[in-house]
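Now for the letters of each chain:
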Amino acid sequence: MVAFPADDVSIASLHPDAGPVWIAYDETLQQSSDGPLAGKRLAIKDNIDVAGLPTTAGCTAFAYTPERSATVIERLNAAGAKVIGKTNLDQFACGLVGPRSPYGAVPNAFDPRYVSGGSSSGSAVAVARGLADASLGTDTAGSGRVPAGFNNIVGLKPTRGLISTRGVIPACRHIDCVSIFAPSVADAVDVFAAVGYDADDPYSRTLPLDLRPMATRFRFGIPDAAHLEFFGDALSASAFAEALARLAALGGTTGSFDFEPMMVIARSLYEGAWVAERYAAIRDFFDAHADQMHPVVRSIVANGKRYGAADIFDASEAVELAKRRAASLWDAFDVLVVPTAPTIYRIDQLAADPIALNRNLGTYTNFVNLLDFAAIAVPSSMRADGLPFGITLIGPAGSDLRLADLAQRYHHATGLTVGATGRALPAPRALARPTTTDADTHAPQVRIAVVGAHLSGLPLNGQLRERGARLEGTVKTAPRYRFFALPGTTPPKPGLLCVEEDGAAIEAEIWAMPIEHYGSFVAMIPTPLGIGSIELSDGSRVQGFLCEAAATIGAKDISHHGGWRAFLATSA
């Protein structure tokens, strides 16, 4: 692994974009050899855990190295994607700009004088420059959308809870979303389709996705003229007018809606009681190390200490009332359309007034997660000054794929190239569908522990995936087992044997399989292997692969390796 400390001036020799874009870079990390995302290079925002890579959240004093990856990383690895590094961000995901980091300001991919957007700045620029095929960010107030708009790429902000946030450093935990940056809409949906419900995440949920394509004739709503604000930026105003004409040419009929309630809810995210959740997320660290934080981030988080429990209840009631009123929008419109950001600022302008200008950039983003909307940011045009302009399509919870359908039609109508690469946009294609539907998730499931050739990316993993099984995560068994490399097996397989004493804990993956497919799976298991009850380190039990004792006589004991992958690495 190549790690990029903030004070190391020699890092540019290790990677051309070391420093402001990358915090850690490693193209040798293990990946699956098959799956729908096989070979895809992923850049990961550095508030999302990747096992073995430090998580800093843009704060060196906070850094730790996780033993387990976030659920979303486990799912994407299982789908064949390859993590190549961790990317820079506004510290603790607090900002929409990009410079609030000890690793330096991430420059805009088109003009380094301008902000790249935040907080997922490095993730967006990595895709815009073609350094990664896709990337993960997070989005609380717009961090998965504003950087997409500023760098001419797609930013998919899913419905809350559809992508697990277990293993993600929280900002405002109850509304945080893991977001996806990609060169095209179809690429973003490929990533979205590979992840899903997580029983270990209290905010994860399932809901029926609207799989209908957007109609040829559709109704789109825009903010009313009294609240359509560009902060004096005539270029952005002109670009938005161009976007509305393009939507009309695609079959859209426009109308306006009262944007004032959205603005009220948006202000509450940073100027009301919800800031207390940012403080709660890092309370112990903040109370001990506030002096080691970026000063702007420190001032924002400190503001959260002002609020009490009663304030949170008042804020919750206001949001629930706003949700109820906002629901009527979908009677009038199929989709809402807003500028992804009303303007863009130079890095030096931001330094002179960091709070107010950051607030301006969130005009059309801050309300979305609080109101439980889905959104996708899509490139729209290049302004006369050479900077990108983007729009965001917003819909009700569960409309993610319907929004993506319209977003793909819109993106391909722009004639734009990919990011800052100059490459032509790939041809539109059918959008992927999640492998686990709402009905699948609630169907009876069997949890299966696998320890050998059925692990993600190994030769027999396809037997799980073709039966609709989904990866729940990586675990260890209780220390009651011995592990053997069984001779003469094709492909090579291990044997797990329960013992009375001198046992070891062995790494396993847990897969959830619809019970209707379980019988056909068990029928494929060859002797001397079989299915039995396996005890995990937390004391729970699941079904899993065990081996007949006679088959381990004379077999190589590999228990000390702790798992099949570790053994394979030493025998390669």
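Rules used throughout
Residues numbered from 1 in each chain as written. Predicted model: local features only at pLDDT ≥ 70, side-chain atom pairs only at ≥ 80, totals over all residues. Heavy atoms only, no water. Core = buried A, V, L, I, M, F, W, Y, C linked by side-chain atoms within 4.5 Å. Buried < 20%, exposed > 50% of the residue type's maximum accessible area, 1.4 Å probe, protein only. Contact = heavy atoms within 4.5 Å. Helix = DSSP H or I, 4+ residues; strand = E, 2+ residues; numbered from the N terminus. Right-handed = clockwise from strand over helix to strand, strands pointing away. Pairing = 2+ DSSP bridges. Axes fitted to C-alpha atoms, helices over the stretch in contact; angles between N-to-C directions. Polar contact = N/O pair within 3.5 Å; in protein donor to acceptor, adjacent residues only side chain to side chain. Parallel < 35°, antiparallel > 145°, perpendicular 65-115°, else oblique. Left-handed = near helix turned anticlockwise from the far one by under 90°. Nonpolar A, V, L, I, M, F, W, Y, C, P; charged D, E, K, R; others polar.

Engineer: What is the right way to read the nonpolar core from this model?
Structural biologist: Of all hydrophobic cores here, the largest spans 57 residues; its most connected members are V72, L76, L136 and I391. Ignoring any residue separated from it by four or fewer positions in sequence, one finds L136 in contact with A43, I44, K45, I48, V72, I73, L76, S123, V178, S179, I180 and V191. Membership of the second largest hydrophobic core comes to 47 residues, among which are C94, A141, M293 and L370.

Engineer: Looking at this structure, I do not really get the pairing of strand β3 (residues 41-45). What am I missing?
Structural biologist: Consecutive side chains of a regular strand alternate in pointing toward one face of the sheet and then the other. With four of its five residues buried, β3 lies for the most part within the structure. As for the winding sense of the linkage, the β-α-β connection from β3 through helix α1 (residues 71-78) to strand β4 (residues 82-87) is right-handed. Two elements, β3 and strand β5 (residues 134-139), share three bridges in a ladder whose sense is parallel. Bridge pairing in β5 places L42 opposite A134.

Engineer: When you look at the sheet that holds strand β21 (residues 541-547) in this model, what are you seeing that I'm missing?
Structural biologist: Backbone-to-backbone hydrogen bonds pair the strands of a sheet. The strands run either parallel or antiparallel. Taking strand neighbours across the sheet as the criterion, the five strands line up as β16-β19-β15-β21-β20 in an open arrangement whose pairing is mixed. Lying at the two open borders of the sheet, with one neighbouring strand each, are β16 (470-476) and β20 (529-535). Neighbour-to-neighbour, the strand axes of the sheet open up by a mean angle of 35°, direction not taken into account. In terms of strand pairing, β16 meets strand β19 (residues 507-514) through six bridges, oriented antiparallel. Pairing of G473 across the sheet is with I510, part of β19. Contacts between α1 and the sheet are confined to β16 and β19, with β16 contributing the most and set at about 115° to the helix.

Engineer: Just checking my understanding: could you explain the environment of R75 for this structure?
Structural biologist: With respect to the helices and strands, the residue R75 is situated in helix α1. Each C-alpha atom, one on R75 and one on S456, is 9.3 Å from the other, the two residues being 381 residues apart in sequence. Those residues in contact with R75 that sit more than four places away from it in its chain are A194, V195, G196, Y197, D198, R470, L471 and E472. For R75, the side chain forms a polar contact with the main-chain oxygen of L471, separated by 2.2 Å.

Engineer: In this structure, what is going on with the packing of helix α5 (residues 234-249) against helix α14 (residues 400-414)? I would like to understand it.
Structural biologist: When two helices pack together, their arrangement is given by the angle between the helix axes and by the axis-to-axis distance. α14 packs onto α5 with a crossing angle of 115° between their chain directions and a minimal axis gap of 11 Å. Accordingly, the angle class assigned to the pair α5 and α14 is roughly perpendicular. The handedness of the crossing between α5 and α14 comes out as right-handed. Facing α5, whose interface residues are A243, R246 and L247, α14 presents Y410, A413 and T414. Taken together, the residues that form the contact of α5 with α14 break down as four nonpolar, one polar and one charged.

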